[in-house]
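# Architecture and fold: a report
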Amino acid sequence: SPTFVDLIHQGKDSAWSYLHLVDHSPGLLWAAHIIALVILLMFTLGLFTRTTGVLAFIICISYVNRVPGSLFGLDQINTLLITYLMLGGAGKAYSLDRWIACKQGKAVPEIDKNINANISIRLIQIHMCIMYLFAGLGKLQGDTWWDSTATWMGFANTEYRSFDVTW
């Protein structure tokens, strides 16, 4: 079975990641991680969203491409959402950018006249519906869903249950 280091080096030949540039130095790698967290926090709060949106997209793609062997559904959903938020003009409502613009007395566009945001929201909804549809269809192919043992395994799993139901 491959080690974690093997998984990291697996993606170096196939996909670009700015993290490959600093792999040789643990100090630089930590600095890159901390800078990425600060940029993602700024994007989450809606600060400089035009710039931090593009940087958050690059960060997300770089993390996904750094260790493709550990790619999971959450990484794909994060990339999908950051893409739609970046293209939809996140930060035009309920953000520090808007709050700062209002405090400075700048003309702030009306929130509900943003066509890009409406298109992005609809695309997120459609994309999520399609993912749930295929996840549900995939589950319908399994025998454990038809004989109810999948439901029982979810309740009896010690890692996820809130209280013991295995009496």
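Residues numbered from 1 in each chain as written. Predicted model: local features only at pLDDT ≥ 70, side-chain atom pairs only at ≥ 80, totals over all residues. Heavy atoms only, no water.

Take the overall build of the protein next. Helices and strands together make up the secondary structure of the protein, namely eight helices and zero strands. Scored against the burial criterion, the 167 residues of the protein give a buried share of 26%. In the protein, 55% of the contacts between residues at least 6 apart in sequence involve partners at least 24 apart. Carbon and sulfur atoms form 67% of the exposed surface of the protein, whose accessible area is close to 12,100 Å². (Helix = DSSP H or I, 4+ residues; strand = E, 2+ residues; numbered from the N terminus. Buried < 20%, exposed > 50% of the residue type's maximum accessible area, 1.4 Å probe, protein only. Contact = heavy atoms within 4.5 Å. Areas by Shrake-Rupley, 256 points an atom, 1.4 Å probe, with all protein chains shown as cover.)

An ideal rise of 1.5 Å per residue puts 26 Å on 18 residues; helix H3 (residues 49–66) measures up with 25 Å between its terminal C-alpha atoms. For H3, every residue scored as buried is listed here: Thr-49, Thr-52, Gly-53, Ala-56, Ile-59, Cys-60, Ser-62, Val-64, Asn-65 and Arg-66. (Expected span 1.5 Å × (residues − 1).)

What follows covers the packing of H3 against helix H4 (residues 73–88). Viewed as axis vectors pointing N to C, H3 and H4 meet at an angle of 160°, and their least axial separation amounts to 9 Å. Taken together, H3 and H4 sit at an angle that is classed as roughly antiparallel. At the point where H3 passes H4, the crossing takes the left-handed sense. In contact with Gly-53, Val-54, Ala-56, Phe-57, Cys-60, Ile-61 and Val-64 of H3, H4 contributes Asp-75, Asn-78, Thr-79, Ile-82, Thr-83 and Met-86. Here the contact of H3 with H4 is built from residues that sort into eight nonpolar, four polar and one charged. (Axes fitted to C-alpha atoms, helices over the stretch in contact; angles between N-to-C directions. Parallel < 35°, antiparallel > 145°, perpendicular 65-115°, else oblique. Left-handed = near helix turned anticlockwise from the far one by under 90°. Nonpolar A, V, L, I, M, F, W, Y, C, P; charged D, E, K, R; others polar.)

Tyr-18, Leu-19, Val-22, Leu-29, Ala-32, Ala-36, Ile-39 and Ile-59 form the largest nonpolar core, which has eight residues in total. No other element matches helix H2 (residues 26–45), which puts four residues into this core. Those residues in contact with Ala-32 that sit more than four places away from it in its chain are Tyr-18, Leu-19 and Val-22. (Core = buried A, V, L, I, M, F, W, Y, C linked by side-chain atoms within 4.5 Å.)

For Phe-48, which is not glycine, the phi dihedral falls at a positive 55°. By the secondary structure assignment, Phe-48 is in the loop between H2 and H3.

Moving on, we get to the confidence of the model for the protein. On average, residues of the protein score 83 in pLDDT, and 86% of them reach the 70 mark or higher. Ranking the elements of the protein by mean pLDDT puts helix H1 (residues 4–10) last, at 56, and H2 first, at 94. (pLDDT = per-residue confidence, 0-100.)

Okay, the side chain of Thr-52 next. Looking at the secondary structure, you find Thr-52 in helix H3. Judged by its relative accessible area of 3%, Thr-52 is buried. Only 3.2 Å separates the side chain of Thr-52 from the backbone oxygen of Leu-47, close enough to count as a polar contact. In this view, Thr-52 contacts Ile-39, Met-42, Phe-43 and Leu-47; residues no more than four positions away in its chain are not counted. (Polar contact = N/O pair within 3.5 Å; in protein donor to acceptor, adjacent residues only side chain to side chain.)

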